[in-house]
Amino acid sequence: MKPLIVANWKMNPQTLTEAKVLFNSVKRGIKNVRNVEVVICPSFIYLSSFKFQVSGFKMGAQNCFWKEKGAFTGEISPLMLKDLGVDYIIIGHSERRIYFGETDELINRKIKATIKAKIIPILCVGETQKQKAQGETGRILRKQIETGFKNVPSSKFHFSRICIAYEPIWAIGTGKSCSINETMSSVLFIRKIISHFYNRKLAENLRILYGGSVIKENVSDYVKEARADGLLIGGASLKAKEFIKIVKEATS
Ligand code: PGA
């Protein structure tokens, strides 16, 4: 499996000009890199300004609504994203759970809507510092995954090439990256949950990413040592040189 490297730009950069500079620098930097799948998730409003079709990147969105159309002021539907050529949507990022009150039930609706639109969902799961200290990581991951995929049939799961990103909340944007052992045990645990919830074959084919303070220096810890199938990168994806090094490191 090629590593999957997803850049989550969040609400950055502030202008389209800066976004284009970043996009073009990354494009130049990784144009000859093979054996990797790179997904760039800019803000919604920049999506249509980049020439994803000719650049070899995949296009991702950071969120979507769960209805196809209608009176939902300010929302963006998966069908609109599909029409733009979006391949992936990040669903249930912890920032959406924390700042926008997204629940596992709402996230489940978004997952189903994304699959229906034939876009690949990346479900984000992970525990807080307090939950980790209380030994609750396993219970939290199980609840987020089981509710997130409720009523998603195994056939859909398989054909949609669903991804799960393990993103411990205490490691996001803090510089406190998760240890190799902790990451490895969560990756294995997530596979076990999917194996139990669906079947072993699905679990083996599932792509599990790690996210949380990834920098070029710790890439190999996650993709080689901890056996994550890829990375979800926030802060470091905004620095072209750093991000290019991360992509190269993941394939070396
Ligand atoms: P970070 O963010 O790389 O800045 O920690 C990761 C994420 O939020 O997806």
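In the block above lies the structure referred to throughout.
The structure presented is a predicted model; accordingly, all values stated were derived computationally and were not measured.

Some thoughts on the overall build of the chain
When helices and strands are counted, the chain shows twelve helices and eight strands. Across its three principal axes, the chain shows a C-alpha extent of roughly 45 × 45 × 35 Å. Taking as baseline every contact in the chain between residues at least 6 positions apart, the subset at least 24 positions apart corresponds to 72%. Accessible surface for the chain amounts to roughly 12,300 Å². Of this, 53% is attributable to carbon and sulfur atoms. Positive and negative side-chain charges of the chain, numbering 40 and 22 respectively, have mean locations separated by a distance of 5 Å.

Overview of the sheet that holds strand 8 (residues 230-233)
Spatial strand order, 1-2-3-4-5-6-7-8: eight strands in a closed barrel with parallel pairing. Across this sheet, the average inter-strand angle for adjacent strands is 25°, counted without regard to direction. Across four bridges, the pairing between strand 1 (residues 4-8) and strand 8 is parallel. Among the inter-strand pairings, alanine 7 is bridged to a residue of strand 8, identified as isoleucine 233.

Section: the pairing of strand 8
Side chains of strand 8 alternate between two faces, with Gly230 and Leu232 and Leu231 and Ile233 buried alike. One ladder, built from three bridges, connects strand 7 (residues 207-211) with strand 8; its direction is parallel. Each bridged residue has a counterpart across the sheet, and for leucine 209 the counterpart in strand 8 is glycine 230. A crossover links strand 7 with its parallel partner strand 8, the connecting element being helix 11 (residues 219-225), and its sense is right-handed.

Quick word on the site of the ligand
Near the ligand, the surroundings consist of 13 residues, among which Lys10, His93, Glu167, Gly173 and Ser213 are the closest. With respect to the ligand, the backbone of glycine 234 contributes an N or O atom lying 2.9 Å from an oxygen atom. Within the contact set of the ligand, an oxygen atom lies 2.8 Å away from a backbone nitrogen or oxygen of glycine 235. Expressed as a share of its isolated accessible area of 280 Å², the protein-covered part of the ligand is 95%. Here the residues of the shell around the ligand are counted per class, giving four nonpolar, seven polar and two charged.

Brief notes about the packing of aromatic side chains
Counted by the stated rule, this structure contains eight aromatic pairs. Where phenylalanine 23 meets phenylalanine 57, the ring centres are 5.3 Å apart and the plane angle is 75°; that geometry is what we call edge-to-face. Here phenylalanine 23, found in helix 1 (residues 16-29), pairs with phenylalanine 57, found in the loop between helix 2 (52-55) and strand 3 (58-61); they are 34 residues apart in sequence, far enough to count as distant. Taken as a pair, phenylalanine 23 and phenylalanine 57 share a single burial class, namely buried. Here the aromatic rings of tyrosine 210 and tyrosine 222 are separated by 4.0 Å at their centres, their planes lie at 20°, and the arrangement is stacked. Here the residue tyrosine 210 occupies a position in strand 7, and tyrosine 222 occupies one in helix 11, the gap between them amounting to twelve residues. Cluster of aromatic residues (ring-pair linked, three or more members): Trp9, Phe23, Phe50 and Phe57. Arginine 96 extends its terminal NZ or CZ atom over the ring of phenylalanine 100, reaching a point 4.1 Å from the ring centre. Here the guanidinium or amino end of arginine 109 rests over the ring plane of tryptophan 66, the centre of that ring lying 4.3 Å away.

Quick notes on empty space enclosed by the protein
Any empty space left between atoms is shown by rolling a water-sized probe over those atoms. For the structure on display, the rule yields one cavity of 30 Å³ or more. Of the voids in this model, the largest cavity is the one considered here, and its volume is about 40 Å³. Lining the largest cavity are Gly92, Ser94, Arg97, Cys124, Val125, Gly126, Gln144, Glu167, Ile169 and Ile172. Elements with a minimum of two residues in the lining of the largest cavity: helix 4 (94-99) and strand 5 (120-125). Class assignment of the residues belonging to the lining of the largest cavity gives a composition of four nonpolar, four polar and two charged.

Topic: the packing of helix 7 (residues 137-148) against helix 9 (residues 180-197)
Helix 9 packs onto helix 7 with a crossing angle of 45° between their chain directions and a minimal axis gap of 10 Å. Considering their axes alone, helix 7 and helix 9 lie oblique with respect to each other. For the crossing formed where helix 7 meets helix 9, the hand is right-handed. Note on element contacts: helix 9 touches helix 7 through Ser186, Phe189, Ile190, Ile193, Ile194, His196 and Phe197, opposite Thr137, Gly138, Leu141, Arg142, Ile145 and Glu146.

So, how was this worked out
- Residues numbered from 1 in each chain as written.
- Predicted model: local features only at pLDDT ≥ 70, side-chain atom pairs only at ≥ 80, totals over all residues.
- Heavy atoms only, no water.
- Helix = DSSP H or I, 4+ residues; strand = E, 2+ residues; numbered from the N terminus.
- Contact = heavy atoms within 4.5 Å.
- Areas by Shrake-Rupley, 256 points an atom, 1.4 Å probe, with all protein chains shown as cover.
- Lys, Arg positive; Asp, Glu negative; His and termini not counted.
- Charge placed at Lys NZ, Arg CZ, Asp CG, Glu CD.
- Pairing = 2+ DSSP bridges.
- Axes fitted to C-alpha atoms, helices over the stretch in contact; angles between N-to-C directions.
- Buried < 20%, exposed > 50% of the residue type's maximum accessible area, 1.4 Å probe, protein only.
- Right-handed = clockwise from strand over helix to strand, strands pointing away.
- Near = heavy atom within 4 Å.
- Polar contact = N/O pair within 3.5 Å; in protein donor to acceptor, adjacent residues only side chain to side chain.
- Nonpolar A, V, L, I, M, F, W, Y, C, P; charged D, E, K, R; others polar.
- Phe/Tyr/Trp six-rings, centres within 6.5 Å; stacked < 30°, edge-to-face > 60°.
- Lys NZ or Arg CZ within 6 Å of the ring centre and 35° of its normal.
- 1 Å grid on protein atoms, 1.4 Å probe; cavity = no way out; pocket = protein on both sides within 12 Å on 5 of 7 lines; lining within 4 Å.
- Points joined across faces, edges and corners; volume = space filled by probe spheres on them.
- Parallel < 35°, antiparallel > 145°, perpendicular 65-115°, else oblique.
- Left-handed = near helix turned anticlockwise from the far one by under 90°.

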